[in-house]
Amino acid sequence: MFDAMGAAGSADDINAMEIHHWYTKFMKECPSGQLCLHEFKHVLDLHGLTPEADSYVDQVFHTFDMNKDGFIDFLEFIAAINLVIRGKIDQKLKWYFKLYDADGNGCIDKKELLSIFSAIQAINGYTSMTAEEFTNMIFQKIDVNNDGELTLEEFINGVEKDEDLMELITKSFDLSNVLKVIQNGRRNSV
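Please read all numbers here as calculations on a predicted model, not as lab measurements. (Residues numbered from 1 in each chain as written. Predicted model: local features only at pLDDT ≥ 70, side-chain atom pairs only at ≥ 80, totals over all residues. Heavy atoms only, no water.)

**Quick notes on unusual backbone geometry**
The phi angle at K68 is positive, at roughly 55°, despite the residue not being glycine. Examined against the element boundaries, K68 turns out to sit in the loop between helix 3 (51-64) and strand 2 (72-73). The exposure class assigned to K68 is partly exposed, which follows from its relative accessible area of 48%. You will see that N146, though not glycine, has its phi angle at about 50°, which is positive. As for its placement among the helices and strands, N146 is situated in the loop between helix 7 (131-142) and strand 4 (149-151). (Helix = DSSP H or I, 4+ residues; strand = E, 2+ residues; numbered from the N terminus. Buried < 20%, exposed > 50% of the residue type's maximum accessible area, 1.4 Å probe, protein only.)

Written out as structure tokens, the structure reads:
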């Protein structure tokens, strides 16, 4: 029915109690069963963001919206959560790649990576290095043909071969803190 970059059927990995918890939370926040971008930001309590951070959240939403109908339904929501929490590393890397590839041309250039990393820093405060340092290091390590763009293959192969890079990417792009906000139900009272 849907293919979350290889995550089809992987919703089975989440146990029934977790699914019930997420479903209750999802339906409480979103009785229609369809989460639009505005509701998505509201559920995650993401207000007053910088323009960079705001565009990153938009990109996350559109990446989760697998059938591209402008809404995240419960199946897409669970598949996304499962991928972020339990996905195999190559599935996560494909998802990250899709997230960074803002214009959808199948390659990541330095500008795309820089803007995404800046946005992520604004959201989760991860600052072990500047966005410029991070971007330059990624390209220096894994842009094997030095064309200034990363293909999916270069990205996955490069990150999987370099443990430090893998750890850095996993930490800096960790969305589980965002999911904890959902799980704990922390929201501003309206």
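Okay, back to it.
**Section: the environment of K92**
Considering the arrangement of structural elements, one finds K92 in helix 5 (residues 89-100). Sequence spacing of K92 and I156 is 64 residues, and the spatial spacing of their C-alpha atoms is 9.7 Å.

**What to know about the pattern of salt bridges**
Under the defined criterion, the tally for this structure stands at one salt bridge. Taking the shortest distance from any N to any O, the salt bridge between K141 and D162 comes out at 3.0 Å. Of this pair, K141 sits in helix 7 while D162 sits in the loop between helix 8 (152-161) and helix 9 (163-172); the two residues are 21 residues apart in sequence, bridging distant segments of the chain. Among the residues examined, K141 registers a relative accessible area of 40% and is labelled partly exposed. A residue is classified by how much of its surface remains accessible, and D162, at 18% relative accessible area, is buried. (Salt bridge = Lys/Arg side-chain N within 4 Å of Asp/Glu carboxyl O.)

**Describing the UniProt feature "domain: EF-hand" (unreviewed entry) in the protein chain**
In this structure's numbering, the residues bearing the UniProt feature "domain: EF-hand" (unreviewed entry) are residues 52-87, 88-123 and 130-165. For the annotated span residues 130-165, helix accounts for 69% and strand for 8% of the residues, and the straight-line distance between the end C-alpha atoms is 15 Å. (UniProt positions renumbered as here; feature names shortened; annotations may be inferred.)

**Digging into the packing of aromatic side chains**
Describing an aromatic ring pair means giving the distance of the ring centres and the angle of the ring planes. Per the stated rule, a full pass over the model turns up five aromatic pairs. Summarising the aromatic geometry, the rings of F97 and F155 are spaced 5.8 Å apart at their centres and angled 50° between planes, so their arrangement reads as tilted. Within this pair, whereas F97 is found in helix 5, its partner F155 is found in helix 8, the two being separated by 58 residues in sequence. There is no split in this pair, since F97 and F155 are both buried. (Phe/Tyr/Trp six-rings, centres within 6.5 Å; stacked < 30°, edge-to-face > 60°.)

**Here's the deal with the side chain of D65**
Mapped onto the elements, D65 comes out in the loop between helix 3 and strand 2. Within the buried core, D65 has no salt-bridge partner, and the shortest N-O distance to an opposite charge, that of K68, equals 5.7 Å. Polar side-chain contacts of D65 include one of 3.3 Å to the backbone nitrogen of D69. Residues within four places of D65 in sequence aside, it is in contact with G70, F71, I72 and E76. (Lys, Arg positive; Asp, Glu negative; His and termini not counted. Polar contact = N/O pair within 3.5 Å; in protein donor to acceptor, adjacent residues only side chain to side chain. Contact = heavy atoms within 4.5 Å.)

**Digging into the nonpolar core**
Within the largest apolar cluster, 43 residues are counted, with the highest numbers of intra-cluster contacts made by F40, Y100, F134, I138, F155, V159 and I169. Listed by contribution, the elements that provide at least two residues to this core are helix 1 (16-29), helix 3, helix 4 (74-86), helix 5, helix 6 (110-124), helix 7, helix 8 and helix 9. Setting aside residues no more than four positions away along its own chain, F155 makes contact with L93, Y96, F97, Y100, I108, I142, L150 and I169. (Core = buried A, V, L, I, M, F, W, Y, C linked by side-chain atoms within 4.5 Å.)

**A few points about the packing of helix 5 against helix 8**
At a minimum axis separation of 10 Å, helix 5 and helix 8 run at an interaxial angle of 130°. The angle between helix 5 and helix 8 falls in the class oblique. In this structure, the crossing between helix 5 and helix 8 has a hand that is right-handed. When helix 5 is examined against helix 8, the residues I89, D90, L93, K94, Y96, F97 and Y100 are found in contact with a partner set consisting of L152, F155, I156, V159 and E160. When the residues that make up the contact of helix 5 with helix 8 are grouped by side-chain class, the tally is nine nonpolar, no polar and three charged. (Axes fitted to C-alpha atoms, helices over the stretch in contact; angles between N-to-C directions. Parallel < 35°, antiparallel > 145°, perpendicular 65-115°, else oblique. Left-handed = near helix turned anticlockwise from the far one by under 90°. Nonpolar A, V, L, I, M, F, W, Y, C, P; charged D, E, K, R; others polar.)

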